[in-house]
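What the coordinates show
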Number of protein chains: 2
Amino acid sequence: MRLRRELEYQLFDVFGMDDLFKTSHYADHDRNTIVGALETAEKLAEEKFAPFAAKLDANEPTFDGEKVHLIEEVQEAVDAYVAAGFMGAGFDYDDGGMQMPVIACQAILSFFCAANLPAAGYPFLTIGAANLERVHASEEQKKLFMRPMIEGRFFGTMCLSEPEAGSSLADIRTKAEPQDDGTYRITGSKMWISAGDHELSENIVHHVLAKIPGGPPGVKGISLFIVPKYLLDEAGAPTQRNDVKLAGLNHKMGYRGTTNTLLNFGEEGGAVGYLVGEPHRGLAYMFQMMNEARIGVGMGAAALGLAGYYASLQYAKDRTQGRALSDKDPQSPPVPIIEHADVKRMLLLQKVYSEGAMSLILYCASLVDLHETAQTGEEKREITRLLDLLTPVAKSYPSEYCVQANSLAIQVHGGYGYTRDFPVERHYRDNRLNPIHEGTTGIQGLDLLGRKVLGDGGEALTRFMGLVGETTAAAKANPRLQQHAEALEQSAALIGDITKALGEAALKEGPERALANATLYLDVFGQYVIGWIWLRQALTALRLLGAGGGDEDYLNGKLAACDFFFRWELPKIGPQALLLRNLDPATLETEGDWL
Amino acid sequence: MRLRRELEYQLFDVFGMDDLFKTSHYADHDRNTIVGALETAEKLAEEKFAPFAAKLDANEPTFDGEKVHLIEEVQEAVDAYVAAGFMGAGFDYDDGGMQMPVIACQAILSFFCAANLPAAGYPFLTIGAANLERVHASEEQKKLFMRPMIEGRFFGTMCLSEPEAGSSLADIRTKAEPQDDGTYRITGSKMWISAGDHELSENIVHHVLAKIPGGPPGVKGISLFIVPKYLLDEAGAPTQRNDVKLAGLNHKMGYRGTTNTLLNFGEEGGAVGYLVGEPHRGLAYMFQMMNEARIGVGMGAAALGLAGYYASLQYAKDRTQGRALSDKDPQSPPVPIIEHADVKRMLLLQKVYSEGAMSLILYCASLVDLHETAQTGEEKREITRLLDLLTPVAKSYPSEYCVQANSLAIQVHGGYGYTRDFPVERHYRDNRLNPIHEGTTGIQGLDLLGRKVLGDGGEALTRFMGLVGETTAAAKANPRLQQHAEALEQSAALIGDITKALGEAALKEGPERALANATLYLDVFGQYVIGWIWLRQALTALRLLGAGGGDEDYLNGKLAACDFFFRWELPKIGPQALLLRNLDPATLETEGDWL
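Residues numbered from 1 in each chain as written. Chains lettered and ligands numbered in written order. Predicted model: local features only at pLDDT ≥ 70, side-chain atom pairs only at ≥ 80, totals over all residues. Heavy atoms only, no water.

**With respect to the overall build of chain A**
Helix and strand content of chain A: 19 helices and 12 strands. Considering only C-alpha atoms, chain A reaches an extent of 80 × 60 × 60 Å along its principal axes. Scored against the burial criterion, the 595 residues of chain A give a buried share of 63%. Relative to all contacts within chain A whose residues are 6 or more apart in sequence, the contacts with residues 24 or more apart total 74%. Here chain A displays about 20,900 Å² of accessible surface, and carbon together with sulfur accounts for 51% of that area. Positive and negative side-chain charges in chain A, numbering 56 and 79 respectively, have mean positions lying 3 Å apart. (Helix = DSSP H or I, 4+ residues; strand = E, 2+ residues; numbered from the N terminus. Buried < 20%, exposed > 50% of the residue type's maximum accessible area, 1.4 Å probe, protein only. Contact = heavy atoms within 4.5 Å. Areas by Shrake-Rupley, 256 points an atom, 1.4 Å probe, with all protein chains shown as cover. Lys, Arg positive; Asp, Glu negative; His and termini not counted. Charge placed at Lys NZ, Arg CZ, Asp CG, Glu CD.)

**Here we look at the relation of the copies chain A and chain B**
Taken together, a rotation about one axis and a shift along it account for how the two chain copies relate. Rotating chain A by 180° about the axis while translating it 0.0 Å along that axis superimposes it on chain B, leaving an RMSD of 0.0 Å. Taken together, the rotation and translation describe the operation of a two-fold axis. Minimal C-alpha separation from the rotation axis in chain A is found for Lys 572 of chain A, amounting to 3.4 Å. Both copies present the same face, since 100% of the interface residues in chain A are matched by interface residues at the equivalent positions in chain B. (Least-squares fit on C-alpha atoms with pLDDT ≥ 70 in both.)

**Description of the interface of chain A and chain B**
Interface size is often expressed as the accessible area that is lost when the parts come together. Taken together, the 93 residues of chain A in the interface contact 94 residues of chain B. It is Tyr 418, Arg 420 and Leu 595 of chain A in chain A that bury the most area against chain B; as a group they hold 12% of the surface buried on that side. At the junction of chain A with chain B, the criterion picks out six salt bridges. Put simply, Asp 171 of chain B and Arg 323 of chain A hold a salt bridge, and the shortest N to O gap is 2.8 Å. For the side of chain A that touches chain B, the class distribution of residues is 42 nonpolar, 27 polar and 24 charged. (Buried area = accessible area lost by both parts, 1.4 Å probe. Salt bridge = Lys/Arg side-chain N within 4 Å of Asp/Glu carboxyl O. Nonpolar A, V, L, I, M, F, W, Y, C, P; charged D, E, K, R; others polar.)

**What to know about helix 13 (residues 482-509) of chain B**
Owing to its 3.6 residues per turn, the α-helix brings residues three or four apart onto one side. Residues and elements named next belong to chain B. With 28 residues, helix 13 extends 40 Å from end C-alpha to end C-alpha; this agrees with the ideal 40 Å at 1.5 Å per step. Looking at helix 13, one finds that the buried residues are His 484, Ala 485, Leu 488, Ser 491, Ala 492, Ile 495, Ile 498, Thr 499, Leu 502, Gly 503 and Ala 505. Where helix 13 is buried, its residues contact helix 11 (441-453), helix 12 (459-476), helix 14 (511-515), helix 15 (518-547), helix 16 (552-569) and helix 17 (573-581). Residue Gly 510 follows helix 13 closely and has a positive phi angle near 90°. (Expected span 1.5 Å × (residues − 1).)

**So, the pattern of salt bridges**
Tallied over the full model, the rule gives 76 salt bridges over all chains. Of the charged contacts, one joins Lys 190 of chain B and Glu 162 of chain B as a salt bridge, the two residues approaching to 3.0 Å between their closest N and O atoms. Of this pair, Lys 190 of chain B sits in strand 5 (residues 184-194) while Glu 162 of chain B sits in the loop between strand 3 (154-159) and strand 4 (175-178), and the two are 28 residues apart along the sequence. Overall, the relative accessible area of 6% leaves Glu 162 of chain B in the buried class. Here the salt bridges share partners, and the residues they tie into one network are Glu 382, Arg 385, Asp 456, Glu 459 and Arg 463 of chain A.

**Side note on unusual backbone geometry**
The phi dihedral of Glu 438 of chain A is positive, around 60°, even though this residue is not glycine. Structurally, Glu 438 of chain A is set in the loop between helix 11 (424-431) and helix 12 (441-453). A positive phi angle, close to 50°, is found at Gln 99 of chain B, a residue other than glycine. On the secondary structure map, Gln 99 of chain B appears in the loop between helix 4 (72-83) and helix 5 (102-136). Take Gln 99 of chain B: its relative accessible area is 9%, and that puts it in the buried class.

**Topic: the packing of helix 8 (residues 341-373) of chain B against helix 16 of chain B**
Residue and element names in this part refer to chain B. As a packed pair, helix 8 and helix 16 sit with axes 9 Å apart at the nearest point and diverge in direction by 95°. On the basis of the axis angle, helix 8 is roughly perpendicular to helix 16. Touching Arg 345, Leu 348, Leu 349, Lys 351, Val 352, Tyr 353 and Glu 355 of helix 8 are Gly 557, Lys 558, Ala 561, Phe 564, Phe 565, Trp 568 and Glu 569, all from helix 16. Across the contact of helix 8 with helix 16, the residue classes tally to eight nonpolar, one polar and five charged. (Axes fitted to C-alpha atoms, helices over the stretch in contact; angles between N-to-C directions. Parallel < 35°, antiparallel > 145°, perpendicular 65-115°, else oblique.)

**Thoughts on the pairing of strand 7 (residues 222-228) of chain B**
Regular strands show a simple pattern: their side chains alternate between the two faces of the sheet. Residues and elements named next belong to chain B. With seven of its seven residues buried, strand 7 lies for the most part within the structure. Here strand 7 shows no split at all, with Ile 222, Leu 224, Ile 226 and Pro 228 on one side and Ser 223, Phe 225 and Val 227 on the other all buried. Inspection of the sheet shows strand 6 (residues 203-211) paired to strand 7 by seven bridges, in the antiparallel sense. Bridged to Leu 209 within strand 7 is Leu 224. Across two bridges, strand 7 lies against strand 12 (residues 271-275) in antiparallel orientation. Counterpart to Ile 226 in the pairing with strand 12 is Tyr 274. (Pairing = 2+ DSSP bridges.)

**Things to note about the environment of Thr 239 of chain B**
Residue and element names in this part refer to chain B. Summarising the element assignment, Thr 239 is placed in strand 9 (residues 238-241). Relative accessible area serves as the criterion here: at 35%, Thr 239 is assigned to the partly exposed category. In sequence terms Thr 239 and Leu 249 are 10 residues apart; their C-alpha atoms lie 25 Å from each other.

**A look at the packing of helix 5 (residues 72-83) of chain A against helix 6 (residues 102-136) of chain A**
Residue and element names in this part refer to chain A. The interhelical angle for the contact between helix 5 and helix 6, taken along N-to-C directions, is 80°, at an axis separation of 10 Å. When the interaxial angle is binned, helix 5 and helix 6 end up roughly perpendicular. Of the residues in helix 6, those in contact with Val 74, Val 78 and Tyr 81 of helix 5 are Leu 109, Phe 112, Ala 119, Tyr 122, Pro 123, Phe 124 and Ile 127. By residue class, the composition of the contact of helix 5 with helix 6 is 10 nonpolar, no polar and no charged.

**Things to note about the side chain of Asn 260 of chain A**
All names here are of chain A. Summarising the element assignment, Asn 260 is placed in strand 11 (residues 260-265). Separated by 3.3 Å, the side chain of Asn 260 and the backbone oxygen of Trp 192 make a polar contact. Here Asn 260 is in contact with Trp 192, Ile 193, Ser 194, Gly 248, Leu 249, Asn 250 and Lys 252, once residues within four sequence places are set aside. (Polar contact = N/O pair within 3.5 Å; in protein donor to acceptor, adjacent residues only side chain to side chain.)

**Observations regarding the side chain of Glu 355 of chain B**
All names here are of chain B. With respect to the helices and strands, Glu 355 occurs in helix 8. A relative accessible area of 1% means that Glu 355 is categorised as buried. Among the polar contacts made by the side chain of Glu 355, one reaches the side chain of Lys 558 at a distance of 2.7 Å. Those residues in contact with Glu 355 that lie beyond four places of it in its chain are Glu 6, Gln 10, Leu 306, Tyr 309, Gln 350, Trp 534, Gln 537 and Lys 558.

**Overview of the packing of aromatic side chains**
Here the structure, examined in full by the defined rule, presents 47 aromatic pairs over all chains. An aromatic cluster of three or more residues is present, and its members are Phe 15, Tyr 363, Phe 464, Phe 525, Tyr 528 and Trp 532 of chain A. Stacked on the ring of Tyr 230 of chain B, the Lys or Arg Arg 241 of chain B has its end atom at 5.6 Å from the ring centre. Geometry around Tyr 428 of chain A places Arg 432 of chain B over its ring, the cationic atom sitting 6.0 Å from the centre. (Phe/Tyr/Trp six-rings, centres within 6.5 Å; stacked < 30°, edge-to-face > 60°. Lys NZ or Arg CZ within 6 Å of the ring centre and 35° of its normal.)

**Some words on the state of the cysteines**
Residues and elements named next belong to chain B. One pass over the full model with this rule turns up zero disulfides over all chains. Not part of a disulfide, Cys 562 finds its nearest cysteine sulfur in Cys 402, a span of 17 Å. The class of Cys 562 is buried, set by a relative accessible area of 0%. (Disulfide = S-S within 2.5 Å.)

**Structural notes on a negative patch on the surface**
Together, Glu 552 and Asp 553 of chain A together with Glu 591 and Asp 593 of chain B make up a negatively charged patch on the protein surface. Residue placement: Asp 593 of chain B occurs in the segment after helix 18 (586-589). (Patch = residues over 30% accessible without salt bridge, like charges linked within 9 Å, V, L, I, M, F, W, Y side chains within 5 Å.)

Here it is in structure tokens:
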């Protein structure tokens, strides 16, 4: 209920989703159909996913050497998800989908992430895999693999990492030998493959990065292959096993319900693989999906942040303990702990982090919709540029800050929060994966500063700052937000200065020096982005309060959280900006032997 | 090996432990005996505790309704610990102990904390309980209960919290009815009791806070009782069960090997309890032990921080992946990941947090030794005042920052760190308890600002700042450290300003207003304390480098970490100080309904 309230605010009030319904692509949808879909998702998540989240965590998947075993509730849940048509929510009618805006699809996903992220992982990965094929696969491949994924009969995976090459894809060794029939034989090992094996679907469609012998070295020699677990007969039905073997399950701290696997391809001579698109372009194809996956990671992290926030908020209202500091009468009744200042601090921080993160994710989703409905190629390129710039933040801010939020949710519960009787410790464990997978936070920092900012000479950054400038201009006109808007402008100036200094360093001293503190840059820029997001939310709240539509507590909460962000969070970038501007050399000059 | 190197540096070089050997109390010890004890502890921890840490985590204690079951390795480990005489390390010869300085005892403990904190919990809690009795119990009680604890035959607990009164001891309901024979009958429930039941020892000696009917309300009516699991015969041997029942085990995220229990006292009419000291003074007695327990929590947190640091440092040196950013040849060999700037950042942060935390804990321990050997009552009072001031920092800084360190240790490992094949995820889960138990971080903030700083009109703070001033004066004389010393002086001035403003607010507007951001104050003051600690370590390193005794890598590491702290960490207090000085009202004025 709370989550739906929040999502409706974001979709309709902050991001003006109604405008989308006026476009021909989304003309069949309106506010009612979207709210209906959100209600369905809410109910399904609550009834079919949430009830067994703790049980799934306590009973992680097992492998008997033959098959993977999951508790039966997972099958029931994913079946219900498929039956509701949510697999195809974002796909076009022509592809068998519901052609819903991506922002609505993300909002739908968030209910399942909040309820039971590990169980939801199976359909989500499949949606991502199907989307990869939608853009890059042949019509034949789409018919054989994408459609069954959208129908929920086949599930999908992405196979990038290898045991010896986690973040360093240049070093992957999986080989793809061309055959006379146009197929390839794949041999190699893939590590950390989520949903890499299970019995939930008729087939599993692996999307595998591999190198065709004789191609260029490094990332330029990587190609993308479809490698199904079961080969298909002419009618497209799964028949015998392909040469893909589950070598083992990884046993994780959290996120336990999603199988995480080591897969061996070609132990018996080579798994049959089908080349997607052109040879040696696999990384580019995968990266389009990777961006989506990164935003998906941010979504999961934000949803877990919200889940923990809501749980601890409820706990803080229900649980009585202690009394006001000025109340010296030990016989007066204890108060709900939400009345203690430090508990309120912990709730405010969670609100700022998790609602800020979710809003950013939905904004990124809205960009995909704008891209879809844009009229010109130039417009589309602009939107892509903006989305590329924001993707590392959409991945990392929710991941880093919503783990902190989950830690605060534990702290609000005190000792109870540390027990497995309450969901918050599980959120905390599940969420801790998010700063790692689909590119660690460190990788996101390099991507942002090296590729997205300095890589185009600051062009994307400058344009984004122009966009933020429109918001600050509006906010400066309102006395309630003027100070915050000015603070955000100062942050922009600071980031501009730093970026200039780093750009010069890159030219004069090379990338090591310029990128030495890229993770700090990511954090500083992330706070700036979230500041913009909070200003937008506050402007919307003021508008609605002025219109007198009710729900004042909710809207005042948005204003209070915005204030809190600008007083408590944004100033933290000051000391970090100084380190960046000074090109602090600690991470370069400290010798490994000193550590 | 690494930990022992670190401890020897702290004990002998930074804190000048050799001086203690000149006092009559510790005259039997010298550097050789202490190093010998450290070596024994290191070996024992490595051979008897570390090997089953993962197994104990995976096989948490169970209760069959009759008895608690632990994996058998725990018994072997605690037996070996007892056999080595470590239970009595810090107790006087007269009490059956080894009369070792407390700083050495803490150093010994740290090996076991780093190796297997949950297993080490049993002896540690017993040492604390025995120490409580040493100070407050009667000779008869000491003979019956303390001596068997020091001998390792009985184990001990502290029973403070109740299900409805976690941090709020004023509200405890456990009752103690006086009997004609001078004993009491205890009835009530105690929650979160660590090591509250097990079969590791002949008996368990509970130390229970309860209220004698007719006493004053609130904390002034709390008394302390010894309540053994088994009653003793005249010879002091355990006989029949006392009326104490295990009502259930708590199932935790981490720290799983230490049973955490709900105990029911008096279900069958009343557990036999023996009053310690005078009626209604129980809280004061317990608080003396609580201070020790809080420093013990900080020790555990710091040791886990170091364990994670060492594990991830080794991993970063061994694991190769990727190459230098300026190396565009994908065929050049991958480098150890320690060469990547962001990995170095994560290692430096861990070093700063965990070595800083450990050094602070050992400093606090050294104060206990100074107290023991002080010549005058005035000296003793001074030392007590200083220790009281620093205790909330010693509890909270390691707890908060070493959880962060453990998170960074996971991050250095990438996906591997998230699996249970590596110890770092376990450190992270175990350590997350430390900001909660023995008084949450929020409680520590109130204790520091309300009781320790404003409570004595800033007297203790002023004196501590004087002590820090001696260090900064010495550091200012050294060009290598001059800037850091000046930064620390500025921090002192800032904290002085804030404290004055908060003191005035307390007078004019009451405690709610002054203490609204006490957790922030704790963090700001904690960074100041740790800055002092790092300056001391750096001064020592410079002295040793000047003397040319070798081990330059290690000493350069200390200087690099000190630099890193002053450039990367201390400046973070700036924005927080501003919130404090402005008496930021967010935590008071944000209404609960807005959240």
